[in-house]
Structures are given as structure tokens and as C-alpha cells.
Amino acid sequence: MRTIIAIGGIIRLALILYGDWQDRHMDVKYTDVDYRVFEDAARHVWEGGSPYDRATYRYSPLLAYLLVPNMWFPIWGKILFGVADLVVGVLIYRILRLMRSKKLQASRFSAYWILNPLAVNVSTRGNGDALVGVMILFCVLLILKHHYVKAGLLYGLAVHFRIYPIVYGFAIFLFLGSRKGNHHLLTAVRLLGLSKDTRKRQWSFALASMFSFLICSYAMYAIYGDEFLDQCFLYHLKRADSRHNFSVSFYSIYLENGTSNRLYTFLPQMICILALTFKLFQD
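So, here's what we can say about the structure. (Residues numbered from 1 in each chain as written. Predicted model: local features only at pLDDT ≥ 70, side-chain atom pairs only at ≥ 80, totals over all residues. Heavy atoms only, no water.)

A cluster of nonpolar residues, V149, L153, F211 and I215, forms a patch on the protein surface that exposes about 360 Å² of accessible area. Secondary structure elements with two or more residues in the nonpolar patch: helix 8 (148–161) and helix 11 (196–224). The residue V149 is located in helix 8 in this model. What makes V149 partly exposed here is its relative accessible area of 44%. (Patch = residues over 30% accessible without salt bridge, like charges linked within 9 Å, V, L, I, M, F, W, Y side chains within 5 Å. Areas by Shrake-Rupley, 256 points an atom, 1.4 Å probe, with all protein chains shown as cover. Salt bridge = Lys/Arg side-chain N within 4 Å of Asp/Glu carboxyl O. Helix = DSSP H or I, 4+ residues; strand = E, 2+ residues; numbered from the N terminus. Buried < 20%, exposed > 50% of the residue type's maximum accessible area, 1.4 Å probe, protein only.)

This is the structure we're talking about:
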């Protein structure tokens, strides 16, 4: 496992350094445009302004705070994202080992992430999604270790940081109510926390999540006001991003020129997540 991490780290560092060279010497840039958005937002924060002074910054101010060191060390953010990407692989290994997978099997699945060219390319170009990946997987690890309040606090932070992890909330809630032998959707009533034996862990997680999310969001609202709410959360209710090709709905949105409301595109994701929850986690 250490060898896999070392190889993954060397590959990421090499690409970060190469990307910096390419950005300075070639017309086609290696760095993702979003990284420049993060960097500009961090600059506004450092100068005493708002990260939302940077057009198209749609994230929590916490991300801009993390990238303030970019003002002196421009590849800081990429290194941070690259390390987070490696930590995702480590968490995959730890979760699988905790679920009693053999070392070789756990190492193999971890390597699928750490040595995956797509994951390597995304993080070294300056995409920060690995940070959210760390939060969610660490949340899963805490749940498996029965630390439900800590897991909830971390999950709430993840949802504040990037709104999309909210789609996992109901599935986690149902998982915390699962018991061996529940194979039918009729068990949903009990899984919703209506039985006494499951209520504590489910609601400990749920209330801790809400507390964490509200505290983080209120703190940012107190500093940046309505602009924070509009750009970080409300924007995603009306967005029609026709160029976001990591989305499974990208092409249909592109063909429609981003003119229709795309909220319904979350429905297939929610159905898949809930179906897998009922199918796989009734143990």
C-alpha cells in the first residue's frame, strides 16, 4: 500500500510541475479554468474583499480561504488537491479493511483510484473535488466506527463546502437504520427512525449534520450576506451548465443550449442511490 501511495504521489507531483511549465510556455494551458477562479477568489479574500467579487465563483468562501497561500506559492492549491486525492485512496483502503476485505483486495481497489489517470489528471489540473471526497469517505469511516455525531458534523461541513453531497443524506440515514434481513421496501417505515432501537444513531447523525451545516452557513452569511446565499446555494437551483461534461446529462443540456430547468436531472441519481441503499446495505 505504501508503494502505491508513493507512486501516486510522485506521478501527481510530476504532473503539477509539468503543468506549471506548460502554463508558462504553451498557448494551451494544463490548468483547469476553475483553479484560476479559486485563485482569484483567494486573492480577493487576501485583499480584504469578498470571494464573490470574482465572477463565476460559486463555492463556499472556505475554499478561497484554503487557497490564500497561492498568493506566494501558486501551485499550493494543486498540491493540496493532489494530497487530498491520495487521502481518498487511503480512506478507500481503510474502509474496505474495516469491512473485512483482505489486504490485497483492499490495496487493489485503492490503487484503482490512486493510479487512475482520470483522477490524477483532475486533481493536478486544479479541481478541488477531492477535498469533498475526503470529507465524505471519512464520514463513512466514522459511521462504520459508530461515531455518528462526528460523522454528522463532517457531513454537514461537506454539504456546506459543496452542495452536491446532499444527495447522499437520505441514503446514509436509511443505512443507519438497516438491520439484517430487511429485504423489502416495506421496511422503510422502520428505517425512517420510527422504531426505538434505530432512532438514536439516525437522529444523532441527522441533527449533527444540520447543526454543522447551519453553523458554517450562518457564519459565512454573517460575513458576506445575501451574495453568499445566492452564489453558493441558490444559483444551483437555477443553473443550466451546458459545458459541464462530467455530468451524465451534459449532452442533452448542451443540445438544448442550457435553456431548460435541469433540476430533474438529479432524480435519476437519487433513485440510483436509494435503490442501491435498499439493495446493498440491509445487513
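Applying the stated rule across the entire model yields eight salt bridges. Here D85 ties to R12 by a salt bridge, and the two come within 2.7 Å at their closest N and O atoms. In this pair, D85 is assigned in helix 4 (residues 76–98) and R12 in helix 1 (residues 2–25), connecting sequence segments 73 residues apart. A single burial state applies to D85 and to R12, both of which are buried. Between D129 and R162 there is a salt bridge, with its nearest N and O atoms 2.6 Å apart. Residue D129 is found in helix 7 (residues 129–144), and its partner R162 is found in the loop between helix 8 and helix 9 (169–175); the two are separated by 33 residues along the sequence. Note on D129: relative accessible area 28%, which makes it partly exposed. Exposure remark for R162: the relative accessible area of 18% places this residue in the buried category. Salt bridges here are not isolated pairs; linked through shared partners, they connect D23, R36, E39 and K78.

With that out of the way, let us pick up the nonpolar core. Among the nonpolar cores identified, the biggest contains 38 residues, and Y57, L63, I143 and F205 are the most heavily contacted of them. Taken together, the elements giving at least two residues each to this core come down to helix 2 (33–46), helix 3 (61–66), helix 4, helix 7, helix 8, helix 11 and helix 12 (226–238). When residues of this core are assigned to their parent elements, the largest contribution, eight residues, is made by helix 7. Ignoring anything within four residues of it in the chain, the contact list for F205 reads C139, I143, Y148, A151, G152, Y155, I172 and L176. Judged by nonpolar contacts, the second largest core, of five residues, contains V88, Y93, L96 and A106. (Core = buried A, V, L, I, M, F, W, Y, C linked by side-chain atoms within 4.5 Å. Contact = heavy atoms within 4.5 Å.)

Glancing now at the packing of helix 1 against helix 6 (residues 117–124). The interhelical angle for the contact between helix 1 and helix 6, taken along N-to-C directions, is 45 degrees, at an axis separation of 9 Å. On the basis of their axis angle, the class for helix 1 and helix 6 is oblique. Handedness of the helix 1/helix 6 crossing: right-handed. For the pair helix 1 and helix 6, contact is made by I11, R12, L15 and I16 and by V120, S123 and T124, respectively. Per-class residue counts for the contact of helix 1 with helix 6 are four nonpolar, two polar and one charged. (Axes fitted to C-alpha atoms, helices over the stretch in contact; angles between N-to-C directions. Parallel < 35°, antiparallel > 145°, perpendicular 65-115°, else oblique. Left-handed = near helix turned anticlockwise from the far one by under 90°. Nonpolar A, V, L, I, M, F, W, Y, C, P; charged D, E, K, R; others polar.)

Now for a negative patch on the surface. Together, D53, D226, E227 and D230 line one region of the surface with negative charge. When you line up the elements, D226 lands in helix 12. (Lys, Arg positive; Asp, Glu negative; His and termini not counted. Charge placed at Lys NZ, Arg CZ, Asp CG, Glu CD.)

Helix length check: helix 8 (14 residues) gives 20 Å between terminal C-alpha atoms against 20 Å at 1.5 Å per residue, within 8%. With ten of 14 residues buried, helix 8 is to be regarded as a mostly interior element. Within helix 8, the full set of buried residues consists of Y148, A151, G152, L154, Y155, G156, A158, V159, H160 and F161. (Expected span 1.5 Å × (residues − 1).)

The next subject is helix 4. Along its 23 residues, helix 4 runs 32 Å from first to last C-alpha, staying within 8% of the 33 Å computed at 1.5 Å per residue. Where helix 4 terminates, the next one or two residues include R100, which has phi positive at roughly 70 degrees.

Inspection of the secondary structure assignment puts T124 in helix 6. A polar contact is formed between the side chain of T124 and the side chain of Y30, at a distance of 2.7 Å. In terms of polar contacts, T124 uses its side chain to reach the backbone carbonyl oxygen of V120, at 2.8 Å. Excluding its chain neighbours within four sequence positions, the residues that come into contact with T124 are R12, L15, I16, Y30 and K78. (Polar contact = N/O pair within 3.5 Å; in protein donor to acceptor, adjacent residues only side chain to side chain.)

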